[in-house]
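Listed below are the residues making up each chain.
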Amino acid sequence: MAKVIVVTSGKGGVGKTTTSAAIATGLAQRGHKTVIIDFDVGLRNVDLIMGCERRVVYDFINVINGDAKLSQALIKDKRVETLFILATSQTRDKDALTEDGVKRVIDELKTQFDYIVCDSPAGIERGAFLAMYFADEAVVVANPEVSSVRDADRMIGLVTSKSARAEKGEPLPQHLLLTRYDAERVEKGEMLRLEDVQEILAVPLLGVVPECPSVLQASNVGMPVILDEGSPAAKAYAAAVSRILGETVEMVIPKVAKRGLFDRLLRRSA
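Presented here is an overview of the structure given in this document. All residue numbers refer to positions counted from 1 along the written sequence of the respective chain. Local features in this predicted model are restricted to residues whose pLDDT is 70 or higher, and side-chain atom pairs enter the listing and the counts only when it is 80 or higher, whereas totals over whole chains, interfaces and linings include all residues. Calculated side-chain values reflect all of the structure's heavy atoms, with hydrogen atoms and water omitted.

Quick notes on helix 5 (residues 99-110)
The end-to-end C-alpha distance of helix 5 is 16 Å, a good match for the 16 Å that twelve residues give at a rise of 1.5 Å each. Three exposure classes are used, based on accessible area relative to the maximum for each residue type with a 1.4 Å probe and protein chains only: buried under 20%, partly exposed in between, and exposed over 50%. Strands are runs of DSSP state E lasting at least two residues, helices are runs of H or I lasting at least four, and both sets are numbered from the N terminus onward. Taken together, the buried positions of helix 5 are occupied by Gly 101, Val 102, Val 105, Ile 106 and Leu 109. Buried residues of helix 5, viewed axially, fall in a sector of 125 degrees; they line one side. How far a helix is expected to stretch is found by multiplying one less than its residue total by 1.5 Å. Working note: the arc is built from the helix axis to C-beta atom directions.

Below, the structure written as C-alpha coordinates:
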(Lines give C-alpha, C1' and ligand atoms only; values in the text may rest on other atoms or scores of the structure.)
Protein backbone atom coordinates (compact mmCIF):
# COMPACT_ATOMS: atom_id res chain seq x y z
CA MET A 1 0.00 0.00 0.00
CA ALA A 2 1.25 3.49 -0.85
CA LYS A 3 2.58 5.62 1.99
CA VAL A 4 2.25 9.42 2.13
CA ILE A 5 5.16 11.21 3.84
CA VAL A 6 4.95 14.92 4.60
CA VAL A 7 8.17 16.87 5.08
CA THR A 8 7.38 19.92 7.16
CA SER A 9 8.88 22.65 9.32
CA GLY A 10 7.68 25.68 11.20
CA LYS A 11 10.43 27.98 10.03
CA GLY A 12 11.54 28.63 6.46
CA GLY A 13 15.11 28.18 5.28
CA VAL A 14 15.84 25.03 7.28
CA GLY A 15 16.41 22.77 4.27
CA LYS A 16 12.92 21.32 3.95
CA THR A 17 12.76 21.16 0.15
CA THR A 18 16.32 19.84 0.02
CA THR A 19 15.21 17.16 2.47
CA SER A 20 12.06 16.32 0.49
CA ALA A 21 14.09 15.92 -2.70
CA ALA A 22 16.74 13.81 -0.97
CA ILE A 23 14.22 11.49 0.70
CA ALA A 24 12.16 11.03 -2.48
CA THR A 25 15.28 10.36 -4.54
CA GLY A 26 16.67 7.98 -1.93
CA LEU A 27 13.45 5.97 -1.83
CA ALA A 28 13.42 5.77 -5.63
CA GLN A 29 17.06 4.69 -5.67
CA ARG A 30 16.07 1.78 -3.46
CA GLY A 31 13.59 0.61 -6.10
CA HIS A 32 10.40 2.18 -4.74
CA LYS A 33 8.27 4.08 -7.25
CA THR A 34 8.15 7.54 -5.71
CA VAL A 35 6.60 10.93 -6.50
CA ILE A 36 7.38 14.26 -4.85
CA ILE A 37 4.62 16.90 -4.76
CA ASP A 38 5.30 20.61 -4.29
CA PHE A 39 2.63 22.15 -2.03
CA ASP A 40 4.24 25.60 -1.92
CA VAL A 41 1.88 27.30 -4.38
CA GLY A 42 3.29 30.59 -5.68
CA LEU A 43 6.82 29.94 -4.46
CA ARG A 44 7.57 26.59 -6.07
CA ASN A 45 11.11 25.26 -5.64
CA VAL A 46 10.93 21.48 -6.01
CA ASP A 47 11.32 21.68 -9.79
CA LEU A 48 14.48 23.77 -9.34
CA ILE A 49 16.03 21.39 -6.81
CA MET A 50 15.16 18.46 -9.08
CA GLY A 51 16.50 20.22 -12.19
CA CYS A 52 13.30 19.96 -14.22
CA GLU A 53 11.98 23.54 -14.17
CA ARG A 54 12.05 23.81 -17.98
CA ARG A 55 9.97 20.66 -18.34
CA VAL A 56 6.96 21.94 -16.36
CA VAL A 57 3.96 22.25 -18.69
CA TYR A 58 1.08 21.34 -16.39
CA ASP A 59 1.18 21.44 -12.60
CA PHE A 60 -0.54 20.30 -9.40
CA ILE A 61 -3.15 23.10 -9.60
CA ASN A 62 -3.96 22.29 -13.23
CA VAL A 63 -4.74 18.72 -12.16
CA ILE A 64 -6.85 19.84 -9.19
CA ASN A 65 -8.84 22.19 -11.44
CA GLY A 66 -9.32 19.55 -14.13
CA ASP A 67 -7.30 21.48 -16.71
CA ALA A 68 -4.93 18.55 -17.18
CA LYS A 69 -4.72 14.86 -16.39
CA LEU A 70 -2.30 13.65 -13.76
CA SER A 71 -0.33 11.79 -16.42
CA GLN A 72 0.22 15.09 -18.25
CA ALA A 73 1.58 16.87 -15.17
CA LEU A 74 3.89 14.17 -13.81
CA ILE A 75 7.54 14.69 -14.79
CA LYS A 76 9.79 11.63 -14.94
CA ASP A 77 13.23 12.19 -13.44
CA LYS A 78 16.09 11.73 -15.91
CA ARG A 79 18.47 10.16 -13.39
CA VAL A 80 16.39 7.75 -11.31
CA GLU A 81 14.03 5.44 -13.17
CA THR A 82 11.33 5.21 -10.50
CA LEU A 83 11.21 8.90 -9.51
CA PHE A 84 8.58 11.44 -10.60
CA ILE A 85 7.89 15.12 -9.82
CA LEU A 86 4.58 16.96 -9.57
CA ALA A 87 5.41 20.67 -9.65
CA THR A 88 3.03 23.36 -8.46
CA SER A 89 1.90 26.71 -9.83
CA GLN A 90 4.10 29.77 -9.59
CA THR A 91 1.29 32.19 -10.45
CA ARG A 92 -1.64 31.04 -8.30
CA ASP A 93 -2.13 31.57 -4.57
CA LYS A 94 -2.66 29.10 -1.74
CA ASP A 95 -6.47 29.25 -2.09
CA ALA A 96 -6.12 27.24 -5.30
CA LEU A 97 -5.54 24.19 -3.10
CA THR A 98 -8.77 22.54 -2.00
CA GLU A 99 -9.18 19.61 0.36
CA ASP A 100 -11.29 17.66 -2.13
CA GLY A 101 -8.88 18.39 -4.97
CA VAL A 102 -5.81 17.36 -3.01
CA LYS A 103 -7.53 14.18 -1.81
CA ARG A 104 -8.50 13.27 -5.36
CA VAL A 105 -4.94 13.69 -6.64
CA ILE A 106 -3.38 11.78 -3.75
CA ASP A 107 -5.90 8.96 -4.10
CA GLU A 108 -4.99 8.63 -7.77
CA LEU A 109 -1.27 8.73 -7.00
CA LYS A 110 -1.73 5.95 -4.44
CA THR A 111 -2.79 3.61 -7.24
CA GLN A 112 0.50 4.24 -9.08
CA PHE A 113 3.20 4.83 -6.48
CA ASP A 114 4.78 3.23 -3.42
CA TYR A 115 5.71 6.53 -1.77
CA ILE A 116 4.24 10.01 -2.08
CA VAL A 117 6.49 12.71 -0.59
CA CYS A 118 4.71 16.00 0.12
CA ASP A 119 7.00 19.02 0.30
CA SER A 120 5.13 21.37 2.63
CA PRO A 121 5.53 25.14 2.68
CA ALA A 122 6.85 26.52 5.96
CA GLY A 123 4.43 27.79 8.55
CA ILE A 124 0.79 27.03 9.19
CA GLU A 125 -1.05 28.37 6.16
CA ARG A 126 -3.39 26.38 3.89
CA GLY A 127 -0.72 24.64 1.83
CA ALA A 128 1.04 23.39 4.96
CA PHE A 129 -2.22 22.14 6.45
CA LEU A 130 -3.23 20.22 3.33
CA ALA A 131 0.26 18.77 2.90
CA MET A 132 0.07 17.24 6.38
CA TYR A 133 -3.63 16.36 6.41
CA PHE A 134 -3.43 13.21 4.29
CA ALA A 135 -0.04 12.05 5.60
CA ASP A 136 0.73 8.60 6.99
CA GLU A 137 4.05 9.75 8.39
CA ALA A 138 5.76 13.11 9.05
CA VAL A 139 9.36 14.23 8.89
CA VAL A 140 9.83 17.45 10.87
CA VAL A 141 12.90 19.40 9.75
CA ALA A 142 14.69 21.78 12.10
CA ASN A 143 18.04 23.48 12.57
CA PRO A 144 19.71 23.40 16.00
CA GLU A 145 18.62 26.98 16.71
CA VAL A 146 16.09 28.20 19.27
CA SER A 147 13.65 29.81 16.82
CA SER A 148 13.71 26.83 14.46
CA VAL A 149 13.17 24.32 17.27
CA ARG A 150 10.35 26.38 18.77
CA ASP A 151 8.56 26.55 15.41
CA ALA A 152 9.15 22.83 14.82
CA ASP A 153 7.50 22.13 18.18
CA ARG A 154 4.46 24.07 16.99
CA MET A 155 4.30 21.98 13.79
CA ILE A 156 4.55 18.74 15.77
CA GLY A 157 1.50 19.84 17.73
CA LEU A 158 -0.45 20.61 14.55
CA VAL A 159 0.48 17.33 12.87
CA THR A 160 -0.51 15.47 16.01
CA SER A 161 -3.94 17.10 16.20
CA LYS A 162 -5.00 18.16 12.69
CA SER A 163 -4.16 15.29 10.34
CA ALA A 164 -6.85 12.96 9.00
CA ARG A 165 -5.34 10.15 11.05
CA ALA A 166 -5.56 12.26 14.20
CA GLU A 167 -9.25 12.90 13.51
CA LYS A 168 -9.76 9.13 13.42
CA GLY A 169 -7.87 8.69 16.69
CA GLU A 170 -4.90 7.05 14.93
CA PRO A 171 -1.37 8.19 15.84
CA LEU A 172 0.68 9.67 13.02
CA PRO A 173 4.36 8.63 13.28
CA GLN A 174 6.68 11.63 13.38
CA HIS A 175 10.44 11.89 13.04
CA LEU A 176 12.92 14.70 13.60
CA LEU A 177 15.55 15.44 10.99
CA LEU A 178 18.11 17.95 12.21
CA THR A 179 19.80 19.83 9.37
CA ARG A 180 22.69 22.29 9.01
CA TYR A 181 24.31 20.84 12.12
CA ASP A 182 27.68 22.52 12.75
CA ALA A 183 29.64 20.66 15.42
CA GLU A 184 32.05 23.55 16.02
CA ARG A 185 29.23 26.03 16.62
CA VAL A 186 27.49 23.54 18.89
CA GLU A 187 30.70 23.16 20.89
CA LYS A 188 31.00 26.94 21.20
CA GLY A 189 27.41 27.22 22.43
CA GLU A 190 26.26 29.07 19.30
CA MET A 191 23.85 26.25 18.43
CA LEU A 192 21.73 23.94 20.55
CA ARG A 193 23.10 20.55 21.51
CA LEU A 194 21.38 17.53 20.00
CA GLU A 195 20.30 16.38 23.46
CA ASP A 196 18.60 19.72 24.12
CA VAL A 197 16.72 19.62 20.79
CA GLN A 198 15.53 16.07 21.45
CA GLU A 199 14.39 16.99 24.94
CA ILE A 200 12.33 19.92 23.63
CA LEU A 201 10.73 18.14 20.67
CA ALA A 202 10.45 14.62 22.08
CA VAL A 203 10.05 12.82 18.73
CA PRO A 204 12.31 10.04 17.41
CA LEU A 205 15.47 11.19 15.65
CA LEU A 206 15.61 10.25 11.96
CA GLY A 207 19.03 11.72 11.31
CA VAL A 208 21.48 14.59 11.63
CA VAL A 209 22.61 16.29 8.43
CA PRO A 210 25.83 18.28 8.82
CA GLU A 211 26.37 21.78 7.45
CA CYS A 212 27.94 20.97 4.10
CA PRO A 213 28.82 23.04 1.00
CA SER A 214 27.62 20.17 -1.20
CA VAL A 215 24.00 21.06 -0.34
CA LEU A 216 24.21 24.50 -1.97
CA GLN A 217 26.31 23.17 -4.84
CA ALA A 218 23.75 20.48 -5.61
CA SER A 219 20.85 22.96 -5.45
CA ASN A 220 22.61 25.31 -7.85
CA VAL A 221 22.93 22.59 -10.50
CA GLY A 222 19.43 21.15 -9.98
CA MET A 223 20.48 17.89 -8.36
CA PRO A 224 19.22 16.28 -5.14
CA VAL A 225 22.22 16.29 -2.80
CA ILE A 226 21.78 12.59 -2.02
CA LEU A 227 23.16 11.89 -5.52
CA ASP A 228 26.48 13.47 -4.50
CA GLU A 229 27.56 10.20 -2.94
CA GLY A 230 30.86 11.41 -1.50
CA SER A 231 29.39 14.27 0.54
CA PRO A 232 28.66 14.00 4.29
CA ALA A 233 25.16 15.40 3.70
CA ALA A 234 24.41 12.71 1.10
CA LYS A 235 25.52 9.97 3.49
CA ALA A 236 23.32 11.39 6.26
CA TYR A 237 20.29 11.53 3.97
CA ALA A 238 20.92 8.00 2.68
CA ALA A 239 20.99 6.74 6.27
CA ALA A 240 17.74 8.59 7.01
CA VAL A 241 16.08 6.90 4.03
CA SER A 242 17.23 3.51 5.32
CA ARG A 243 15.59 4.28 8.68
CA ILE A 244 12.34 5.28 6.94
CA LEU A 245 12.42 1.84 5.32
CA GLY A 246 12.71 0.24 8.75
CA GLU A 247 16.39 -0.65 8.59
CA THR A 248 18.68 -0.36 11.60
CA VAL A 249 21.48 2.07 10.77
CA GLU A 250 24.02 3.52 13.17
CA MET A 251 23.27 7.17 13.99
CA VAL A 252 26.34 9.25 13.13
CA ILE A 253 26.52 12.59 14.95
CA PRO A 254 28.98 15.09 13.41
CA LYS A 255 31.88 15.89 15.72
CA VAL A 256 34.59 18.54 15.77
CA ALA A 257 37.59 17.27 13.85
CA LYS A 258 40.67 16.73 16.00
CA ARG A 259 43.41 19.21 15.16
CA GLY A 260 47.01 18.21 14.72
CA LEU A 261 49.89 19.83 16.61
CA PHE A 262 50.75 22.09 13.67
CA ASP A 263 47.13 23.38 13.44
CA ARG A 264 47.02 24.04 17.20
CA LEU A 265 50.30 25.99 17.10
CA LEU A 266 49.01 28.10 14.21
CA ARG A 267 45.78 28.87 16.10
CA ARG A 268 47.77 29.97 19.18
CA SER A 269 49.97 32.28 17.16
CA ALA A 270 47.06 33.81 15.26
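Back to the text.
What to know about the pairing of strand 4 (residues 83-86)
What you see with strand 4 is no split at all: Leu 83 and Ile 85 on one side and Phe 84 and Leu 86 on the other are buried throughout. Examined bridge by bridge, strand 2 (residues 34-38) and strand 4 share four bridges and lie parallel to one another. Bridge pairing in strand 4 links Thr 34 to Leu 83. For two strands to pair, DSSP has to find at least two bridges joining them. Judged from the two bridges that link them, strand 3 (residues 75-76) and strand 4 form a sheet pairing that is antiparallel. Paired with Ile 75 across the bridge in strand 4 is Ile 85. Once strand 3 ends, the chain turns through six residues before running back antiparallel as strand 4.

Side note on the environment of Lys 69
Here Lys 69 is to be found in the loop between helix 3 (60-64) and helix 4 (70-73). Note: C-alpha distance between Lys 69 and Tyr 58 (eleven residues apart in sequence) is 8.7 Å.

Here we look at the nonpolar core
Grouped together as the largest cluster of nonpolar side chains are 37 residues, with contacts concentrated most on Ile 23, Leu 27, Met 50, Ile 85, Val 139, Leu 177 and Tyr 237. Looking at this core, the elements that each hand over two or more residues are strand 1 (3-8), helix 1 (16-29), helix 2 (46-49), strand 4, strand 5 (115-119), strand 6 (137-142), strand 8 (205-210) and helix 12 (232-244). The contact definition used throughout considers only heavy atoms, calling two residues in contact when any of these lie within 4.5 Å. Not counting the four nearest positions on each side in its chain, Leu 177 is found in contact with Thr 19, Val 139, Val 140, Val 141, Ala 142, Leu 206, Gly 207, Val 209, Tyr 237 and Ala 240. Counting 36 residues, the second-largest nonpolar core is a separate cluster that includes Phe 39, Ala 73, Leu 74 and Phe 134. Each nonpolar core is a collection of buried residues, namely Ala, Val, Leu, Ile, Met, Phe, Trp, Tyr and Cys, held together in the definition by side-chain atoms within 4.5 Å.

Focus on the sheet that holds strand 7 (residues 174-181)
Reading across from one edge, 3-4-2-5-1-6-7-8 is the order of the eight strands in this open sheet, with mixed pairing throughout. Of all the strands in the sheet, just strand 3 and strand 8 have a single pairing partner and so form its edges. Each of strand 7 and strand 8 touches helix 10 (residues 194-201); the most contacted strand, strand 7, lies at about 150 degrees to it. To obtain each axis, a line is fitted to C-alpha atoms, and for helices this fit is confined to the stretch in contact; angles are then taken between N-to-C directions over 0 to 180 degrees.

Comments concerning unusual backbone geometry
With the exception of glycine, the majority of residues adopt a negative phi angle, and the majority of peptide bonds are in the trans configuration. The phi angle at Arg 180 is positive, at roughly 55 degrees, despite the residue not being glycine. Looking at where Arg 180 falls in the secondary structure, it is placed in strand 7. With relative accessibility at 40%, the residue Arg 180 sits in the partly exposed group. The backbone phi angle of Ala 202 is positive, close to 55 degrees, even though this residue is not glycine. Within the secondary structure, Ala 202 is located in the loop between helix 10 and strand 8.

Digging into the pattern of salt bridges
The working definition used for a salt bridge is a side-chain nitrogen of Lys or Arg within 4 Å of a carboxyl oxygen of Asp or Glu. Under the defined criterion, the tally for this structure stands at twelve salt bridges. Notably, a salt bridge pairs Arg 30 with Glu 247, separated by 2.1 Å at the nearest N-O pair. On the criterion of sequence distance, the pair formed by Arg 30 in the loop between helix 1 and strand 2 and Glu 247 in the loop between helix 12 and helix 13 (261-269) is long-range, its members being 217 residues apart. Judged by its relative accessible area of 38%, Arg 30 is partly exposed. One salt bridge in this structure joins Arg 150 and Asp 151, with 3.7 Å as the shortest N-O distance. Take Arg 150: its relative accessible area is 57%, and that puts it in the exposed class. A single salt-bridge network, built from bridges that share partners, covers Arg 193, Glu 195 and Asp 196.

Nothing here speaks to function; it is geometry throughout.
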